[in-house]
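So the chains spell out like this:
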Amino acid sequence: MEEQMNDTIVHFLRMKWEDFDYLESMIGPKIQRMDKNMRKAITPRERQLITLRYLATGESYKSLQYLFRVSKSSISKIVPEVCDCLIAALQDYLKLPSTKQEWLKISRKFQEKWNFPHAIGAIDGKHVHIRAPRQSGSEYFNYKKFHSIVLLALVDADYNFLYVNVGGQGGISDGGIFKNSRLHEMLENKRLDIPEPEILRAPYNIQVPYFILGDKAFAFTNYCIRPYGGPENRLGPIQRNFNYFQSRARMVVENSLGILANRFQVIKGPIQLAPEVAQKMVLTTVYLHNFLRKRFSRTSYMQTSSTTGRSTNGDYRREAPLE
């Protein structure tokens, strides 16, 4: 068991033992079970390890039952239960800024790392491959020709998730998922305390709003800016230059989703579970990503080179709480 723990924690998640123990101290009492007359209960540490192994590797429950000598039926109950406890315990690691000063801090990071002013986040969606739900028709069938749920994410300049919406049907576009989210509602109603438009620099006198960066799937609004459309060879030099820097700054969300999928390979799918269970697994990985990015595991979870910004290179939807 000790060898299995080292393999999972260090090799797959690159999680330091301090963080593993900290998670166990938070959720251990909630997943503790009493011993029975005929057999001992599965310990909290084993339950946590089984769940982390599943999220890190995407192995089937059947494969895990031979590795941990725990029945498939027990694992099918353990993993969702532990995920619920992790989500509840890590609430403080995923939330939107609540003050103008916090938004301005994110904007300064985009300016410093990505050379793009007034950006307060980058938004994009990722299709998570799932098993075709029963009697779902084409609702979850996406343009990439497989069934999926959508992970819509807003990310800051330092690869941390600020907000996620998980569980949108794969047949709906990223822009459609966004329009049906609470984030869109709060942006429309100006409830996020985003700073007022300001002049970029003297001697210019045009006040420029603070905005999130999106690709062509998102509508152009006063809080979301997207690249210029049309063939590249028909754009002027100013438009092409803008598209380059906008796409370069937006790369942070694409990289974050890629890092998430590489560290938690359950996201690569296909997840052989119902959509409402699959979205719980995906949401847990997002909370764990932010947790590991902000604690002892920060340097081992992500290589230093991957965090430098000076590179040229439906029905079961769940959202992280908006606070």
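Structural notes, computed from the coordinates.

Calculation criteria
- Residues numbered from 1 in each chain as written.
- Predicted model: local features only at pLDDT ≥ 70, side-chain atom pairs only at ≥ 80, totals over all residues.
- Heavy atoms only, no water.
- Helix = DSSP H or I, 4+ residues; strand = E, 2+ residues; numbered from the N terminus.
- Buried < 20%, exposed > 50% of the residue type's maximum accessible area, 1.4 Å probe, protein only.
- Areas by Shrake-Rupley, 256 points an atom, 1.4 Å probe, with all protein chains shown as cover.
- Salt bridge = Lys/Arg side-chain N within 4 Å of Asp/Glu carboxyl O.
- Phe/Tyr/Trp six-rings, centres within 6.5 Å; stacked < 30°, edge-to-face > 60°.
- Pairing = 2+ DSSP bridges.
- Axes fitted to C-alpha atoms, helices over the stretch in contact; angles between N-to-C directions.
- Parallel < 35°, antiparallel > 145°, perpendicular 65-115°, else oblique.
- Left-handed = near helix turned anticlockwise from the far one by under 90°.
- Contact = heavy atoms within 4.5 Å.
- Nonpolar A, V, L, I, M, F, W, Y, C, P; charged D, E, K, R; others polar.

## What about the overall build of the protein?
Looking only at helices and strands, the protein has eleven helices and eight strands in total. Looking at the protein residue by residue over its 323 residues, the buried ones come to 50%. Of the roughly 16000 Å² of accessible surface on the protein, a fraction of 50% belongs to carbon and sulfur atoms.

## Concerning the pattern of salt bridges
Scanning the entire structure with this criterion turns up 14 salt bridges. In this structure, Glu81 engages Arg33 in a salt bridge whose closest nitrogen and oxygen atoms are separated by 2.4 Å. A residue pair is termed long-range when its members are at least 10 positions apart, and Glu81 in helix α5 (residues 72-89) and Arg33 in the loop between α2 (17-31) and α3 (44-57) qualify at 48 residues. Owing to a relative accessible area of 24%, Glu81 belongs among the partly exposed residues under this scheme. Between Arg298 and Asp158 there is a salt bridge, and its shortest N-O distance comes to 3.2 Å. With a gap of 140 residues between them, Arg298 in helix α11 (residues 298-301) and Asp158 in the loop between β2 (148-155) and β3 (161-169) connect regions that are remote in the sequence. Residue classification places Arg298 among the partly exposed positions, given a relative accessible area of 32%. For Asp158, a relative accessible area of 14% corresponds to the buried category. The network of salt bridges with shared partners includes Lys113, Asp158, Arg293 and Arg298.

## Concerning the packing of aromatic side chains
Think of a pair of aromatic rings as described by two things: how far the centres are apart, and how the planes are tilted against each other in angle. According to the stated counting rule, one finds nine aromatic pairs in the structure shown. For the pair Tyr22 and Phe291, a centre-to-centre distance of 6.1 Å together with 5° between the ring planes defines the contact as stacked. Here Tyr22, found in helix α2, pairs with Phe291, found in helix α10 (residues 275-293); they are 269 residues apart in sequence, far enough to count as distant. By relative accessible area, which is 0% here, Phe291 ends up buried. With 6.1 Å between their ring centres and 80° between their planes, Phe116 and Phe211 make a pair best called edge-to-face. Remark: Phe211 occurs in strand β6 (residues 211-213) and Phe116 occurs in the loop between α6 (100-114) and β1 (119-129); sequence separation between them is 95 residues. Accessibility assignment for this pair places Phe116 and Phe211 in one class, buried.

## A short note on the pairing of β1
Buried residues dominate β1, accounting for nine of its eleven residues. Both β1 and β6 contribute to a ladder of two bridges, which runs parallel. Considered in β6, the bridge of Ala122 is made with Leu213.

## Describing the packing of α3 against helix α4 (residues 61-68)
Relative orientation of the contacting elements α3 and α4 amounts to 135°, with a least axis distance of 11 Å. One element, α3, and the other, α4, form an angle in the oblique class. The element α3 and its partner α4 pack so that their crossing is right-handed. Across from Leu49, Ile50, Arg53 and Tyr54 in α3, the residues of α4 making contact are Tyr61, Leu64, Leu67 and Phe68. Here the residues of the contact of α3 with α4 are counted per class, giving seven nonpolar, no polar and one charged.

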